[in-house]
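One letter stands for each residue in the lines below.
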Amino acid sequence: MTRLSPRNALRRAAGLLAAAGLLAVVPLAGAAAPARADEPPVFTLGGPAETGLHPYRAGGGPKPSRLGITVTAPSGEEGTGFAGRFTLTFDLSGVAGVADVAFDGAASGTETSDGGASGAGASGGGAAPDCEVTGAKAVCVGTGVRPGTHPVAALVVTAAAGGERGDSGTITVTGEAEGAAFTPFTTRVTVGGPDLVMEELPFRTELVPGDRQQAPITFANRGAGDAEGVLLTLRYTRGLDIPQRYSNCRYSEDDPGPSGVGRTTALCTVEGAFEAGEAYTLATPLTIEATERAYRDTFLYRIEEAGPPRPAPAAFERGDGAIPRAVPVTGPQNRAAGRTADPTPHDNQREADFRTENTADFAAYGDRVSGARGATVTADVGFRNVGPAWIGHLRSGEDVAVVDFTVPRGASVVAKPDRCRAVTAAGEYREDQRSPAPRYLCPTSPAVHDGEGLDLPFALRIEEFLIGAEGEVTVRAPSARNPALPFDPAPANNTARLVLNGGDDGDGPSTPPTSDPGPDASPSGAPATSAPGGGAAGASGGSDPGTGSGHGGGLASTGSDALKVAGAAAVALTAGLALVAAARRRTGRHS
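Computed from a predicted model, the values in this text were never measured in an experiment.

On to the overall build of the protein chain. Helix and strand content of the protein chain: 3 helices and 37 strands. Looking at the protein chain as a whole, 49% of its 591 residues are labelled buried. A separation threshold of at least 6 residues defines the contact pool for the protein chain, and within that pool the share at least 24 residues apart is 79%. Surface exposure of the protein chain reaches about 27,000 Å², of which carbon and sulfur atoms provide 51%.

Backbone hydrogen bonds are what pair the strands of a sheet, in a parallel or an antiparallel way. The strand order across the open sheet formed by 6 strands is β27-β37-β36-β30-β33-β32, and the pairing between neighbours is mixed. Each edge of the open sheet carries a strand with a single partner, namely β27 (367-369) and β32 (421-423). Averaged over all neighbouring strand pairs, the angle between strand axes comes to 20°, with direction disregarded.

Next up on the list: the nonpolar core. Within the largest apolar cluster, 39 residues are counted, with the highest numbers of intra-cluster contacts made by Phe362, Tyr440, Leu456, Phe458, Leu460 and Phe487. Among the secondary structure elements, those contributing two or more residues to this core are β26 (360-365), β28 (376-388), β30 (402-406), β31 (411-415), β33 (439-443), β35 (453-462), β36 (469-476) and β37 (495-500). A total of 5 residues in this core trace back to one element, the largest contributor, which is β35. In terms of nonpolar packing, the next biggest core, distinct from the first, is built from 35 residues, Phe43, Val152, Val157 and Ala180 among them.

Turning our eyes to something else, we now look at the pairing of strand β3 (residues 65-73). Looking down a regular strand, the side chains alternate between one sheet face and the other. Within β3, 8 of the 9 residues are buried, which leaves it mostly tucked inside the rest of the structure. Pairing analysis gives 3 bridges linking strand β1 (residues 42-46) to β3, with the strands arranged antiparallel. Across the sheet, Gly46 pairs through a bridge with Thr70, a residue of β3.

If you trace the 3 strands from one edge of the open sheet to the other, you get β14-β21-β17, paired in antiparallel fashion. Strands at the two margins of the open sheet, each flanked by one partner only, are β14 (212-215) and β17 (240-241). Bridge count for β14 against strand β21 (residues 286-290) is 4 bridges, and the pairing is antiparallel. Looking at β21, one finds that Gln213 is bridged to Ile288.

Applying the stated criterion to the full structure yields 17 aromatic pairs. Ring centres of Phe43 and Phe182 lie 5.5 Å apart, and the angle between their planes is 70°; on these two criteria the pair is classed as edge-to-face. One end of the pair, Phe43, is in strand β1; the other, Phe182, is in strand β10 (residues 180-183), and 139 residues separate them in sequence. According to the relative accessible area criterion, Phe43 is buried, its value standing at 0%. What makes Phe182 buried here is its relative accessible area of 11%. Taking 5.5 Å as the distance between ring centres and 55° as the angle between the ring planes, the aromatic pair formed by Tyr440 and Phe458 counts as tilted. Pair noted here: Tyr440 is in strand β33 and Phe458 is in strand β35, with a separation of 18 residues, a long-range link. The burial state of Tyr440 is the same as that of Phe458; both residues are buried. Three or more aromatic residues joined by ring pairs make a cluster, and in this case those are Phe203, Tyr236, Phe299, Tyr301 and Phe354. A cation over an aromatic ring shows up here: Arg245 above the ring of Tyr251, its NZ or CZ 4.4 Å from the ring centre.

If the charged atoms of two oppositely charged side chains come close together, the side chains can form a pair. On inspection of all chains with the given rule, the structure shows 13 salt bridges. Its salt-bridge partner being Asp450, residue Arg238 comes within 2.9 Å of it at the nearest N-O pair. Of this pair, Arg238 sits in the loop between β16 (227-236) and β17 while Asp450 sits in the loop between β34 (447-448) and β35; the two residues are 212 residues apart in sequence, bridging distant segments of the chain. With a relative accessible area of 17%, Arg238 lands in the buried category. For the salt bridge of Arg384 with Asp455, the shortest nitrogen-to-oxygen distance reads 2.8 Å. Residue Arg384 is found in strand β28, and its partner Asp455 is found in strand β35; the two are separated by 71 residues along the sequence. When its relative accessible area of 1% is taken as the criterion, Asp455 is described as buried.

What follows covers the state of the cysteines. Using the criterion set out here, one finds 3 disulfides in the structure. In this model, Cys131 is linked to Cys140 through a disulfide, with the two sulfur atoms separated by 2.1 Å. An S-S torsion of about 115° defines the bridge between Cys131 and Cys140 as right-handed. For the residue pair Cys131 and Cys140, the accessibility class agrees, reading buried in each case. The side chain of Cys420 participates in a disulfide bridge whose partner is Cys442; the two sulfur atoms lie 2.0 Å from each other. Residues Cys420 and Cys442 are joined by a disulfide whose S-S torsion is about 110°; by sign, that bridge is right-handed. With Cys420 in the loop between β31 and β32 and Cys442 in strand β33, this residue pair connects regions lying 22 residues apart in the sequence. Across the pair, exposure class does not vary: Cys420 and Cys442 are buried alike. For the protein chain, the bonded cysteines pair up as 1-2, 3-4, 5-6 when numbered in the order they occur along the sequence.

Definitions and limits used
Residues numbered from 1 in each chain as written. Predicted model: local features only at pLDDT ≥ 70, side-chain atom pairs only at ≥ 80, totals over all residues. Heavy atoms only, no water. Helix = DSSP H or I, 4+ residues; strand = E, 2+ residues; numbered from the N terminus. Buried < 20%, exposed > 50% of the residue type's maximum accessible area, 1.4 Å probe, protein only. Contact = heavy atoms within 4.5 Å. Areas by Shrake-Rupley, 256 points an atom, 1.4 Å probe, with all protein chains shown as cover. Pairing = 2+ DSSP bridges. Axes fitted to C-alpha atoms, helices over the stretch in contact; angles between N-to-C directions. Core = buried A, V, L, I, M, F, W, Y, C linked by side-chain atoms within 4.5 Å. Phe/Tyr/Trp six-rings, centres within 6.5 Å; stacked < 30°, edge-to-face > 60°. Lys NZ or Arg CZ within 6 Å of the ring centre and 35° of its normal. Salt bridge = Lys/Arg side-chain N within 4 Å of Asp/Glu carboxyl O. Disulfide = S-S within 2.5 Å.

Written as structure tokens, this is what we have:
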């Protein structure tokens with residue numbers, strides 16, 4: 001028995017590309033039901049439907065398998081998580097004589113055989129549960145559940161001495177908390193189950209747009225039992241494509257928004273009996289293509305036993321093409337398939353990273369605004385990725401770029417997008433983030449899609465009426481010491497101007513660049529309407545003003561529409577005063 005040490009602080013989300021993120025698109029238990037305001041939140045416990053165990057070997061001892069339990073809480077607008085204490089109870093009586101169970105306190109944050117993350121430190125987003133096994137019962141006490149799906153406990157399961165192949169039993173998990181409810185979960189463990197291992201493919205990883213190559217998916221069953229059907233998961237980023245759409249596969253575009261990578265996930269069920277000690281390959285290899293927007297991309301391919309039929313997630317659509325079949329491998333490739341190995345995450349899935357010779361043009365845009373002294377106006381600045389490539393820092397999770405905005409003389413910032421931070425005129429750290437600053441840095445997310453960028457509305461108060469005062473908008477690398485964007489072949493358009501009270505010189509405002517105005521755009525290519533937060537309509541994906549999240553952060557506390565109305569009123573007031581003065585001059589001449 002191992003006791004898991006509690007932690008007292010909520011953990012923040014993991015990086016963009018963790019192995020647990022793969023399983024998030026294939027929930028093994030039903031999604032948590034959204035709770036009404038007058039009802040307690042409902043959390044759903046889950047995990048793998050079945051786990052295979054290596055048979056107990058006399059004199060050799062047991063080989064462990066890891067079983068990860070997850071908790072799913074409503075996310076987005078439907079839930080805010082749970083900060084209270086909760087208790088999980090594991091009923092182990094169903095595996096008595098079949099398996100021995102312990103809790104893994106040393107594997108904090110490591111991967112489990114189901115592809116998730118194990119260990120106390122990776123619990124549902126709050127303090128790690130403290131678990132104790134007593135006979136046929138285990139109790140874990142923890143604090144805090146974060147929205148989404150997260151690991152909550154890691155079980156180490158081994159075949160019991162004296163057991164036989166085919167022995168099977170169940171473990172049931174229930175939960176309780178004051179002010180919250182839990183949906184229970186039951187999982188099965190079987191002695192002598194299959195151990196599916198994905199073979200690594202020798203891809204060409206240095207590509208140019210349009211390159212295609214075959215992907216002969218090959219896997220082996222190195223366990224002690226046959227697999228009845230397999231589930232093949234394919235997940236590839238925005239710059240890659242698999243032109244075939246198979247009828248036994250379900251497809252989904254997940255996190256397609258500006259702050260997400262925009263990966264495609266295919267879940268393919270392949271029927272058949274896959275025997276222990278044999279290797280199999282798809283009768284017809286897949287084709288992987290580097291599209292015109294490829295730059296730095298990944299392709300993940302995973303194999304697992306299909307198990308009982310799973311309900312198709314609502315976001316997935318079935319293909320209409322042929323059905324791929326898996327056939328036995330013949331020849332030298334199959335000789336090593338008879339080995340029995342511990343089930344480990346890297347055996348179940350592989351990943352390939354591709355570098356495509358391509359570019360992306362980041363084009364900054366500014367604005368022209370006018371107003372009388374004391375007026376508040378909204379200036380819309382930012383940049384667009386004109387393409388052709390999308391840019392993503394998948395492994396590091398670092399921001400792709402930063403918008404560097406210098407405020408024009410005679411103006412002060414009274415409201416800014418949440419993603420932007422105030423700095424000194426030299427770009428150095430500034431502790432005071434509340435009072436107006438001469439300069440602001442606005443980072444992007446770790447992914448910037450082709451055709452998208454950042455729309456950044458700033459509310460400016462005109463402190464002094466200066467004709468043609470200029471500020472600067474520059475999109476550059478996050479490091480000021482190395483500001484060049486290595487993928488951008490046209491650095492000349494990385495900088496634009498914000499002109500304050502410049503008059504009508506015929507130039508007009510600098511609008512977000514676009515290659516295809518579309519039906520909702522004006523003939524000049526400028527958006528005909530504005531999206532929330534002051535960005536181009538449709539470009540921000542409906543970002544909520546004031547959140548600063550996603551594509552085009554909104555204004556903090558002050559609505560951009562109200563600011564635009566105030567600015568328009570100030571301009572109208574200035575024009576009215578000019579008319580009065582002209583009328584007085586005419587009266588003086590005729591008197």
